[in-house]
Amino acid sequence: MLTARRRAGAIGAVIVLGTALALSGATAAQAVTTSNLPPGSIICTDKIRSDKGTAFYGFVRSAGALWMVRAGSTADGTDSPILQLTSAEPSTTYASWPGTFYYRLCVTQTQPVTAAGRWNHFAQPSANAAFGIGPYTATLGSGGYFCGPSTSGPSRIVGTSGVPVRWTVDVENGDGDFLRTIDLGTSTSLDQLLTPGDNEYFNACVRNTSSAPATLSLDLT
Amino acid sequence: MRRKSVLGLAAGGLGLGVMAVLGLSGVGAAAAPTVPPGTTVCTSQIRADAGVTLSGSVTRNTSSALWKVTVASTPGGVETEVLRTPTGPVTFRLPATHVTPPVPGTYHFRGCVTVTGPLATTVQIQLTPIA
């Protein structure tokens, strides 16, 4: 999917992290991910197209995680790491190479504990920037979850997993207030149409309810 | 803004070994003079094919700093910023940060740190090629 469907805000994240989004130079569109990460879990955001680089900040409680920015020259081709660091709470970090690249952020729980996390991934302001390209991908340990893809318009939610997982949608209003959760069931695949109401935003989520790790993808198209 | 170049300790021109800079004198953190806010300390350029690792710290843990890596296609050529990340005032140590080009090639990297305040401090910065 190639559309600017990320909504403005992430006000909660800004407050939680104490990071001033206004200082980041970010556009309002961005990918916001909330998660709970069992050991060994990896979550990769969908991709951002940018000719002016990308940036991220976030946290994983409490001992830290491996943060990796990957870049590739095509939307659906291979990519490679361009930035790696281990931190519990990286401040706004910019990675920018000359040219147009498709960037995504991958976060790996390297500690032997389950930890909550949240991060923002965005592009420098540019007319060429695009967001929400392709799916989120993840390897989630048992009990792990994340919420990532979001939309304010009619969309298909598409997911696949190697083991049964529970698919849900968190509904928020324009102020970021939580309204309700829509349960889409437990399965290894998902393909449903979503239609948010007025002033509603949908955040697609998945929880690994199986005992084995889940290798999965989740997208809104 | 003040900008001070510092000496590397190894064969940076060949991109071999460690290009380490400790403080402004290049002889170790303990001997490094204190620098005021606004001071920028940069390493020499090192040539690398597979990227570099930047790390360092400011020794006064109430100080903030801004860390950058720049890249040029030729020695002494025009440098482009490819990494920018802050530390401080709570976290004053930059974790080992690996910077790798998205397109294969040989690049000339430089690491810089700017003391953003509020207090004067010594700094340590290290830039090493990734093997």
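Rules of the game
- Residues numbered from 1 in each chain as written.
- Chains lettered and ligands numbered in written order.
- Predicted model: local features only at pLDDT ≥ 70, side-chain atom pairs only at ≥ 80, totals over all residues.
- Heavy atoms only, no water.
- Helix = DSSP H or I, 4+ residues; strand = E, 2+ residues; numbered from the N terminus.
- Buried < 20%, exposed > 50% of the residue type's maximum accessible area, 1.4 Å probe, protein only.
- Contact = heavy atoms within 4.5 Å.
- Areas by Shrake-Rupley, 256 points an atom, 1.4 Å probe, with all protein chains shown as cover.
- Polar contact = N/O pair within 3.5 Å; in protein donor to acceptor, adjacent residues only side chain to side chain.
- Pairing = 2+ DSSP bridges.
- Salt bridge = Lys/Arg side-chain N within 4 Å of Asp/Glu carboxyl O.
- Buried area = accessible area lost by both parts, 1.4 Å probe.
- pLDDT = per-residue confidence, 0-100.
- Disulfide = S-S within 2.5 Å.

## Here we look at the overall build of chain B
The secondary structure content of chain B amounts to 0 helices and 10 strands. Along chain B, from the amino end to the carboxyl end, the secondary structure elements read β-β-β-β-β-β-β-β-β-β. The buried share among the 131 residues of chain B stands at 49%. The long-range fraction of contacts in chain B, counting pairs at least 24 apart against all pairs at least 6 apart in sequence, stands at 73%. Of the accessible surface of chain B, which amounts to about 5,700 Å², a share of 59% is contributed by carbon and sulfur atoms.

## Remarks on the overall build of chain A
Counting its regular elements, chain A contains 1 helix and 16 strands. Sorting the 221 residues of chain A into buried and exposed places 55% on the buried side. Contacts spanning at least 24 positions in sequence make up 78% of the contacts within chain A whose residues lie at least 6 apart. Here chain A has roughly 8,400 Å² of accessible surface; of this, 53% comes from carbon and sulfur atoms.

## With respect to the side chain of Glu172 of chain A
Inspection of the secondary structure assignment puts Glu172 of chain A in strand 13 (residues 155-173). In this structure the side chain of Glu172 of chain A is engaged in a polar contact, spanning 3.4 Å, whose partner is the side chain of Asn203 of chain A.

## A short note on the pairing of strand 7 (residues 80-87) of chain B
Strand direction decides the pairing type here: strand 7 (residues 93-95) of chain A and strand 7 of chain B, joined by 2 bridges, are antiparallel. Residue pairing in the sheet places Ala95 of chain A in a bridge with Leu83 of chain B of strand 7 of chain B. Across 7 bridges, the pairing between strand 6 (residues 64-72) of chain B and strand 7 of chain B is antiparallel. If you follow Thr70 of chain B over to strand 7 of chain B, its bridge partner there is Glu81 of chain B.

## Points about the pattern of salt bridges
Tallying each qualifying case throughout the model produces 9 salt bridges over all chains. Here Asp183 of chain A makes a salt bridge to Arg166 of chain A, at a shortest N to O gap of 3.1 Å. One end of the pair, Asp183 of chain A, is in strand 14 (residues 178-194); the other, Arg166 of chain A, is in strand 13, and 17 residues separate them in sequence. Classification of Asp183 of chain A by relative accessible area gives partly exposed; the value is 46%. Residue Arg166 of chain A is classed as partly exposed on the basis of its relative accessible area, which comes to 32%. Between Arg84 of chain B and Glu81 of chain B there is a salt bridge whose closest N-O contact spans 2.7 Å. Counted as one network, the salt bridges with shared partners bring together Arg70, Asp79 and Arg104 of chain A.

## As for the interface of chain A and chain B
Accessible area lost during the coming together of the parts is what is often quoted as the interface size. Each partner contributes to the interface: chain A provides 18 residues, whereas chain B provides 19 residues. For the pair chain A and chain B, the summed buried area comes to about 1,400 Å², and 60% of that belongs to carbon and sulfur atoms. The interface formed by chain A and chain B holds 5 residue pairs in polar contact (both at pLDDT 80 or more) in total. Mapped onto the side of chain A that touches chain B, the elements with two or more residues apiece are strand 6 (80-87) and strand 7 of chain A. When residues of the side of chain A that touches chain B are assigned to their parent elements, the largest contribution, 7 residues, is made by strand 6 of chain A. Bridge count for strand 6 of chain A against strand 8 (residues 93-99) of chain B is 2 bridges, and the pairing is antiparallel. Residue pairing in the sheet places Gln84 of chain A in a bridge with His98 of chain B of strand 8 of chain B.

## Quick look at the confidence of the model for chain A
Averaged over every residue, the pLDDT of chain A is 86; the share at 70 or more is 86%. Across residues 1-28 of chain A, where pLDDT falls below 50, the model places 71 contacts with residues more than four positions away in sequence or in other chains.

## A look at the state of the cysteines
All names here are of chain A. All chains considered together, the criterion is met by 3 disulfides over all chains. Paired through a disulfide, Cys44 and Cys106 show a sulfur-sulfur distance of 2.1 Å. Handedness of the Cys44-Cys106 disulfide follows from its S-S torsion of about 110 degrees: it is right-handed. In this pair, Cys44 is assigned in strand 2 (residues 42-44) and Cys106 in strand 8 (residues 101-108), connecting sequence segments 62 residues apart. Among the residues examined, Cys106 registers a relative accessible area of 5% and is labelled buried. Residue Cys147 pairs covalently with Cys205 via a disulfide, S to S 2.1 Å. Around the S-S axis, the bridge from Cys147 to Cys205 shows a dihedral of about 105 degrees and counts as right-handed. Highlighted residues: Cys147 in strand 12 (residues 145-151) and Cys205 in strand 15 (residues 200-207), separated in sequence by 58 residues. Ordinal numbering of bonded cysteines along chain A defines a disulfide pattern of 1-2, 3-4.

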